[in-house]
Amino acid sequence: MKTQAVYVLDHACYKPPREWSVTLQESASIFSTIFNEPELEKVTNRLEHMPLSDMTYWPPAFQEYPLRLSIEKSKDEMGEVFESAVVPFLANHNLRGSDLDVVVTACSVFASVPPQSARLCNTLGCRSDVTAFNMSGTGDSLGASAVSLGAKLIKEKHAPGYALVVVAENLSCLLYSGNDDRFLESDVTYRLGCSMILLTTHKSDKACATYKIVATGGLHPSVDPDQRFEEFMPDSSKKVGFRWNNNPESYAQKLKQLLEQQISQLSGTLDERAAARSQNLVKRILKGSKEPLRNADPLNVDHIILQPSHPDLITVGYESIGLGNAKNQQESSKAAFWRFGNTGPSGIWYALNHRESSKGIQKGESVLMIGISGRLYVNSLVLQSMKNNHTPMAQTWSDIINDTEAKKKIEMEFDAYLQGKKIRSLERSSSTAAKLRQESQNPQFYPYIHGVFEADMSRFKEALAEMEPQYHEFVMNSER
């Protein structure tokens, strides 16, 4: 029996309001209110070496002093994103919540009761019989697996329908404030982001759909802790964060094996004719051939989008599939990280949106999107373009997409990072506060910075102590 086709009617990436943006200098100033020496020096040093722009975003919860991160703040953060991004996205297609048959929400680690899928359904006014599912706990690979799940659920309806998939990174519970060096990296790289994907099985939507979902795949192996890229866990003092592996060589071989398995798995999901035609292409990819990645079969891999979680993961990932020198393939993942930071599971959709905005994706071309989590869970999608997708004026990338200097800067900063070179210099603690007070008389962001250094630090320590039960609650919810 012919399988029901699922199409990506549209997708969009959230660009938060300007007042939520944060420069790296402002990040360093905020860290100075959280860390003591030498942790402050170490995290600031990482900011100086990281290929990040001054245009990434942090949530409103980080604007408050004393900093009071909590489950409620995280819920508020998601609610704000739902109202300002998801509702307009749906309205752009003249759809209401009552038109949806499936709703899937996904966040790398944040889990709440009630789930965010229920909150989104309530916000949109969905029907009582809508199939709603909330995903968390498997990290950044959810950007692909959430769409796979949405496609599976909408096909199981056995009737034409719509599925809305919302993948996001939630930060209002995730700021690490301990003193373990291995956990500081997530504070430097993680930023707010959200992507929305609208799926349809209506045949009438085929003509206006952007992509057809050709194949999906996923691998969730048990990986030795020393071979993981990062892992969400408490440190020795019970403060929660992402423990980062700063030795790419320790997980490079394992990631290569998993990516090889994933591409083979995707080939196997196609019909026999297409799979046979794709074998030579798969072999060329794994051997690192520099020949054009073009073929007529659905797995032609004209465009490869890898998870833009971290410069190390981007580099190791592309090298693992033999594309370590293919800068044209790496460009979008690098740009997504540089412009928006690590936006968790939504990152691969920011990268896809960049590829559409910069190079364009032509009708008939295929896109391989690979989401990779810290535990090396690998989830993938193969999409076939249904039309010429070229949106150079897309709002998400409008500020840099035609900026040749920005493109050069991205490559320069990534090269400097890989060589261990310092990219910029940032001021430390009190001197930063003094400069901010002098230069900015009407601050639009982080209004508490100007008074924090005169504040009674004992109050700040008390505030941190109050956060501990909330962190424990968060960990318990995540493990359920």
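Residues numbered from 1 in each chain as written. Predicted model: local features only at pLDDT ≥ 70, side-chain atom pairs only at ≥ 80, totals over all residues. Heavy atoms only, no water.

1. Points about the overall build of the chain
Move 1: Helix and strand counts for the chain stand at 15 helices and 13 strands.
Move 2: Counting only residues that meet the buried cut, the chain has 58% of its 480 residues in that class.
Move 3: Considering only contacts within the chain whose residues lie at least 6 apart along the sequence, 80% involve residues at least 24 apart.
Move 4: For the chain, the exposed surface amounts to about 19,500 Å²; the carbon and sulfur share of it is 48%. (Helix = DSSP H or I, 4+ residues; strand = E, 2+ residues; numbered from the N terminus. Buried < 20%, exposed > 50% of the residue type's maximum accessible area, 1.4 Å probe, protein only. Contact = heavy atoms within 4.5 Å. Areas by Shrake-Rupley, 256 points an atom, 1.4 Å probe, with all protein chains shown as cover.)

2. Notes on the pairing of strand E6 (residues 162–169)
Move 1: Most of E6 sits out of view: 8 of its 8 residues are buried.
Move 2: Side chains of E6 alternate between two faces, with Tyr162, Leu164, Val166 and Ala168 and Ala163, Val165, Val167 and Glu169 buried alike.
Move 3: Where strand E4 (residues 102–107) lies against E6, 6 bridges are found, and the strand directions are parallel. Among the inter-strand pairings, Thr105 is bridged to a residue of E6, identified as Val166.
Move 4: Of the pairings in the sheet, the one linking E6 to strand E7 (residues 193–200) comprises 8 bridges and is antiparallel in character. (Pairing = 2+ DSSP bridges.)

3. Details of unusual backbone geometry
For residues besides glycine, phi is generally negative; the peptide bonds are generally trans as well.
Move 1: Pro38 follows Glu37 through a cis peptide bond whose omega is 5°.
Move 2: Relative to the elements of secondary structure, Pro38 occurs in the loop between helix H1 (24–31) and helix H2 (39–49).
Move 3: Phi at Asn94 takes a positive value of approximately 55°, unusual for a residue other than glycine.
Move 4: Counting through the fold element by element, Asn94 comes out in the loop between helix H3 (71–91) and E4.
Move 5: Although it is not a glycine, Leu376 sits at a positive phi angle of roughly 65°.
Move 6: Tracing the backbone shows Leu376 in the loop between strand E12 (366–372) and strand E13 (378–385).

4. Brief notes about the environment of Asn325
Move 1: Counting through the fold element by element, Asn325 comes out in the loop between helix H9 (311–320) and helix H10 (327–340).
Move 2: For Asn325, a relative accessible area of 69% gives the class exposed.
Move 3: Distance from Asn325 to Thr315, taken between C-alpha atoms, is 9.6 Å for residues 10 residues apart in sequence.

5. Topic: H2
Move 1: Across the 11 residues of H2, 8 count as buried, placing the element largely inside the fold.
Move 2: Residues of H2 that are buried: Glu39, Leu40, Val43, Thr44, Arg46, Leu47, Glu48 and His49.

6. Focus: the sheet that holds E4
Move 1: If you walk across this open sheet you meet the 9 strands as E5-E4-E6-E7-E1-E8-E13-E12-E11, and the pairing is mixed. Sheet topology places strand E5 (131–136) and strand E11 (303–306) at the edges, where each strand pairs with a single neighbour. Taking each pair of neighbouring strands and ignoring which way they run, the sheet shows an average axis angle of 20°.
Move 2: Bridge analysis of strand E1 (residues 7–13) against E7 gives 6 bridges, and the strand direction is antiparallel. (Axes fitted to C-alpha atoms, helices over the stretch in contact; angles between N-to-C directions.)

7. With respect to the side chain of Thr210
Move 1: With respect to the helices and strands, Thr210 occurs in the loop between E7 and strand E8 (211–219).
Move 2: Thr210 sits in the buried class, given a relative accessible area of 7%.
Move 3: Of note is the side chain of Thr210, whose polar atom sits 2.8 Å from the backbone oxygen of Val8.
Move 4: Beyond its immediate sequence surroundings of up to four residues, Thr210 is in contact with Val8, Leu9, Asp10, Gln384, Ser385, Met386, Lys387 and Asn389. (Polar contact = N/O pair within 3.5 Å; in protein donor to acceptor, adjacent residues only side chain to side chain.)

8. As for the pattern of salt bridges
Move 1: Counted under the stated rule, the structure contains 19 salt bridges.
Move 2: In this structure, the salt-bridge partner of Lys15 is Asp399, at a minimum N-O distance of 3.4 Å. Placement of the pair is Lys15 in the loop between E1 and strand E2 (21–22) and Asp399 in the loop between E13 and helix H12 (404–418), with a sequence separation of 384 residues.
Move 3: Note on Asp399: relative accessible area 33%, which makes it partly exposed.
Move 4: Measuring nitrogen to oxygen at the nearest pair gives 2.7 Å for the salt bridge that ties Glu231 to Arg228.
Move 5: Taking the relative accessible area as the measure of exposure, Arg228 reaches 13% and is therefore buried.
Move 6: One salt-bridge network, in which partners are shared between bridges, spans Arg228, Glu231, Arg243 and Arg375. (Salt bridge = Lys/Arg side-chain N within 4 Å of Asp/Glu carboxyl O.)

9. Observations regarding the packing of H1 against H2
Move 1: Between H1 and H2, the least distance of the axes is 10 Å, while the angle of their chain directions is 170°. Overall, the two elements H1 and H2 adopt an arrangement that is roughly antiparallel. On H2, the residues that touch Leu24, Ser27, Ala28 and Phe31 of H1 are Leu40, Val43, Thr44 and Leu47.
Move 2: Taken together, the residues that form the contact of H1 with H2 break down as 6 nonpolar, 2 polar and no charged. (Parallel < 35°, antiparallel > 145°, perpendicular 65-115°, else oblique. Nonpolar A, V, L, I, M, F, W, Y, C, P; charged D, E, K, R; others polar.)

10. Points about the packing of aromatic side chains
Between two aromatic rings, the relevant description is the distance of the centres plus the angle of the planes.
Move 1: Inspection of every chain in the model, using the stated rule, returns 10 aromatic pairs.
Move 2: Arranged with centres 5.9 Å apart and planes meeting at 55°, the rings of Phe31 and Phe35 form a pair that is tilted. Of the two residues, Phe31 and Phe35, neither departs from the other in class, the shared state being buried.
Move 3: Where Phe232 meets Phe242, the ring centres are 5.0 Å apart and the plane angle is 50°; that geometry is what we call tilted. Taken as a pair, Phe232 in strand E9 (residues 230–234) and Phe242 in strand E10 (residues 240–244) lie far apart in primary sequence, 10 residues in all.
Move 4: Overall, Phe242 belongs to the buried group, its relative accessible area being 6%.
Move 5: Through a chain of ring-to-ring contacts, the aromatic side chains of Tyr57, Phe340, Tyr350 and Trp397 assemble into a single cluster. (Phe/Tyr/Trp six-rings, centres within 6.5 Å; stacked < 30°, edge-to-face > 60°.)

11. Quick look at the confidence of the model for the chain
Move 1: Looking at the chain as a whole, its pLDDT mean stands at 81, while 81% of the residues score no less than 70.
Move 2: Per-residue pLDDT stays below 50 along residues 283–299; that stretch engages in 44 contacts with residues further than four places along the chain or on separate chains.
Move 3: Every residue in residues 430–461 scores below 50 in pLDDT, and together they form 46 contacts with partners more than four places removed in sequence or on other chains. (pLDDT = per-residue confidence, 0-100.)

12. Here's the deal with the side chain of Ser309
Move 1: Positionally, Ser309 belongs in the loop between E11 and H9.
Move 2: Exposure remark for Ser309: the relative accessible area of 2% places this residue in the buried category.
Move 3: For Ser309, the residues in contact, after removing those within four places along its chain, are Asp140, Phe337, Asn342 and Ile372.

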